[in-house]
Amino acid sequence: MATMLAIPLKKTYEVDLVKPLRNFIQNTFTQANPDDYNGALTEFNKLRNAMITKSVDKHESALEVLYRYHDQLVAIENKLPIAENQIRVQFKWRDAFDEGSFLAGKRTLAIASAAYEKVCMLFNIAALQSQIGSIQNFESDEGLKTAVKLFQQSCGILGHLKDIVLSHVQQEPTPDLNPDTLSSLSAVMLAQAQESIYRKATNDRMKDSMIAKVAYQCSELYADAMKLMQLGSIRDLWPRDWLATIVMKQAGFHAMAEYYQALVAQQTKSYGEEIARLQHAMELMNASQTRGGTTFCFRNEVGKLQRALESAKKDNDFIYHDKIPDLKSLPSIGKAAVAKASPVANPMSTKFADLFEKIVPLPVYEALSAFENRRNQISNMEIGRLKEGTALMNSVMASLNLPAALEDLSGAKVPQSVIDKAKQVQESGGIQLIESLMNNLPELLTRNREILDESLQSLDNEEKSDKQLREQFKEKWTRTPSQTLTKPMRDEAMKYKTILDTAIQADRIVRDKYEQNKMAISLLSKPPGELEKALPEAGNTGSLQSSPVVRELRQLCEEVETVKAEREVIETELKDAKFDMSSKFFGALAADGAINEETLSVNELDRVYSPLKQQVTDSIHRQETLLARVQNLNTEFTQAKSSNQSAAQREQLLKDLAAGFDHYMELKNNLEEGTKFYNDLTPLLVRLQTKINDFCFARKTEKEELMSDLQKQIANTPTQPPPSVPQYQGGPPAAATAQPTVPSSSPSAPPNYGGQPQQGQSSQPGQPGQPPQYGQPGHPGGYGGGWGAAPNAPNAPYPTNPAGGYPMPAMPGGYSSYNPYMQYPQQQPPQYGQGYQQPGGLPYPANPQGYPGQQQGYPGQQQGYPGQHPPYPQQGGYQYPGAPPYPQQPQYR
């Protein structure tokens, strides 16, 4: 019957995956609808719960559940990052070799990390593979093939874990995840895979030489496992029978290798070698049986070896008379390393389907976000150049009162361009719209500021609590400091704070601009009749209508409008430029495992935006030439007009109206952008607040669990023994307290009935007449043979014990048969003769037996005592009948 070792499973606890993952999807993937993933999130949560319950089933169907959950963890690695500073889900796992109860395990580790969860899952998959492999039918081909496959897969997973565990688990791992532990387990699994192959080879009756090599390799692999398991750091971790099984199998398979090699020698008629190998095999098998004890699994092979050795010796003695060579001169058996560690499959499950297939991997999503930022930066920069040029052109034209001056040659009517501008202002809402938008900005700003302040306050409170507990518990407070985890969130919050401060400055500039142009905007918001009354009348200059200066100036004004129209088209093209970066980023991630976003983005942006940027540059150069020509012609036009004071006032007001219109449109756009900015910023701040609140709640839960564990640890810590009771309070004498204390697990020492001085005896220590305290630790007659004398005792004939003697367990009822001074109230001293009786009438033999180290007696003595020395010189004191007297010992109080 094969004895295979099965790795115990790590145990874990249920967690809620739905809420934190849904919040992350809602807060991160702004274009995704979280409700679309409710089914996937619920299924993922059920999959983990099924993993917990199915782990106890030693069947390959249970492995399939573990495979699917592991594969899903790998699939969401780049999509839904579970970490302390991302999606905070606390995974708590217990050490596989912890023998404590499930609810009160001593060695547990909880980390908010999907990488830690994946490591623990790989360990459990390897453990369950070993358990299923160990219960296969090793008498059938199918069972052996399954066992070999599972042991090799388990070996590969454990070897893979050994390489990655320290990089995936940022804290000190539990002992079962120690790299030395994983190396040992991997070696055991490989040896068991080789053993399964050996058993298949014997079942298939392969050549003896091949079986010998397979068995010898099996012995070597068990020897490697034995060396690894006996490392000082992990030796005490293993279950009681594991090391015995490993060393038993190492010797046993070496013996079987020698046996099958002996059969090869028999076939080649090397009968002496056959006997030498069989003898060595018997020696190894006896050693295996001695080492293994109850785990020994080669009982059938022992009989086979014995019969083969007896037969070989008999044949050699009567027939062949071949010389038996020295064992060291025999050739090496050789090794056949058939078992190999299987690589970790990805995916492990053949039926795996990603529940979150629609979610873009986070590196791709982050690369797309970074690309959008670069794109917006370039687009906004070029659009800003266009708007800046247009604003300059509008201000120049307004300062020249063009084209209104060309339309106002009559000096009485409102120029048509002014009427059109006023109509446009009135249709867009007029001054009332500007005032309404400006009044709404402070409220929007206050709302966003409050959300941000509350978020920062929550982080501050959490960090303060963590610092207080860290100062209180010192090194026992093992969780990650808050300042390390909250840095990304604080950076994000400070970024928003900077944005809000910049927005406040922009709001102030907008308000100042409105105050400067309020009168002109108010006039443009009035009906045409009121606008005409507000304009002063001027002299008639109608004769200039057909002059070349006016015609050319009008043509230049039309060119100015054409430039503005062209810029609107360029702006639209900058905003609507199309890019297909998803495929490029996906391809880079698949090819290299990483995305060089900067290189890919810059190349694609240059390809699309370079022509548009050139158009912007050309438009600005054209504007400079155009404005220079307009200014020159306007100078000639101004000189040709007959000016008076009312005409100058009229022209100045027309200029103000033209500038007011431009500023109105600019203010309207600025305020609408500001309102949109604050409204768009609110959900971002709410997402940040939600993330911070979830983080603080998770940290609070983690804090409560850690404090609970610390409280249990403190409560279970044994306290120091109480101080000795002072003598004046009825405690033991000072000298007695110096003697070693009887352990709590041993019976209490017998009462010191010889403690009171008898008649004719001195109560002072070391004086004649004081009886020895037999039955007490450190005195002759103590149970177990301890001998010793009190410090500085005069004429002490006994060897001094520096420790003050040895603790002595009491006789039943507190009675010691070796203490002749022990007397009970109303009881006569015991009578010694051929036998004596204990109180209660129980007879004792004259020479009691059965105590460790007791002699049969010394010359002149009727009874022997444990550890008693030869007779001593006679001194004062009590003397047993027929025995030399004992020396008088001092008694300490």
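As the structure is a computational prediction, the values presented were derived from the model and not from experiment.

Cut-offs used in this document
Residues numbered from 1 in each chain as written. Predicted model: local features only at pLDDT ≥ 70, side-chain atom pairs only at ≥ 80, totals over all residues. Heavy atoms only, no water. Helix = DSSP H or I, 4+ residues; strand = E, 2+ residues; numbered from the N terminus. Buried < 20%, exposed > 50% of the residue type's maximum accessible area, 1.4 Å probe, protein only. Contact = heavy atoms within 4.5 Å. Phe/Tyr/Trp six-rings, centres within 6.5 Å; stacked < 30°, edge-to-face > 60°. Axes fitted to C-alpha atoms, helices over the stretch in contact; angles between N-to-C directions. Parallel < 35°, antiparallel > 145°, perpendicular 65-115°, else oblique. Left-handed = near helix turned anticlockwise from the far one by under 90°. Nonpolar A, V, L, I, M, F, W, Y, C, P; charged D, E, K, R; others polar. pLDDT = per-residue confidence, 0-100. Salt bridge = Lys/Arg side-chain N within 4 Å of Asp/Glu carboxyl O.

Asker: Run through the side chain of serine 455, naming residues and quoting values.
Answerer: Its location among the elements puts serine 455 in helix α14 (residues 430–473). Residue serine 455 is classed as buried on the basis of its relative accessible area, which comes to 1%. Look past the residues within four positions of serine 455 in its chain and what remains in contact with it is Gln689 and Ile692.

Asker: Residue-level account of the packing of aromatic side chains, with values.
Answerer: Inspection of every chain in the model, using the stated rule, returns 18 aromatic pairs. Arranged with centres 6.0 Å apart and planes meeting at 55°, the rings of phenylalanine 296 and phenylalanine 298 form a pair that is tilted. For the pair phenylalanine 296 and phenylalanine 298, one class covers both residues: buried. Of the aromatic side chains, those joined through ring pairs into one cluster are Tyr198, Tyr222, Phe253, Tyr259, Tyr260, Phe296 and Phe298.

Asker: Summarise the packing of helix α9 (residues 271–292) against helix α10 (residues 299–320); cite the residues concerned and give the values.
Answerer: Running from N to C, α9 and α10 cross one another at 150°; their axes reach a closest spacing of 9 Å. Taken together, the axes of α9 and α10 are roughly antiparallel relative to one another. For the element pair α9 and α10, the recorded crossing hand is left-handed. Contact with α9, carried on its side by Tyr271, Glu274, Ile275, Leu278, Gln279, Ala281, Met282 and Met285, involves Glu301, Val302, Leu305, Gln306, Ala308, Leu309, Ala312, Lys313, Asn316 and Tyr320 of α10 and no other residues of that element. In terms of residue class, the contact of α9 with α10 is built from 12 nonpolar, 3 polar and 3 charged.

Asker: Outline the confidence of the model for the protein, supporting the account with residue identities and numerical values.
Answerer: On average, the protein scores 79 in pLDDT, and the residues at 70 or more come to 77%. Below pLDDT 50 for its whole length, residues 101–105 participates in 7 contacts with residues either more than four positions away or in separate chains. Of the regions scoring below 50 in pLDDT, residues 735–893 engages in 250 contacts with residues more than four places distant in sequence or in other chains.

Asker: Let's hear about the pattern of salt bridges: which residues, and what values?
Answerer: Under the counting rule described, the total for this entry stands at 40 salt bridges. Of the charged contacts in the structure, one is a salt bridge between arginine 375 and glutamate 372, with a shortest N-O distance of 3.9 Å. Taken as a pair, arginine 375 and glutamate 372 lie in helix α11 (residues 362–399) at a separation of 3 residues, close to a single helical turn. Using a relative accessible area of 14% as the deciding quantity, one classes arginine 375 as buried. Look at glutamate 372 and you get partly exposed, because its relative accessible area is 34%. Through salt bridges with shared partners, a single network forms among Arg88, Glu462, Asp466, Arg470, Arg479, Arg699 and Glu702.

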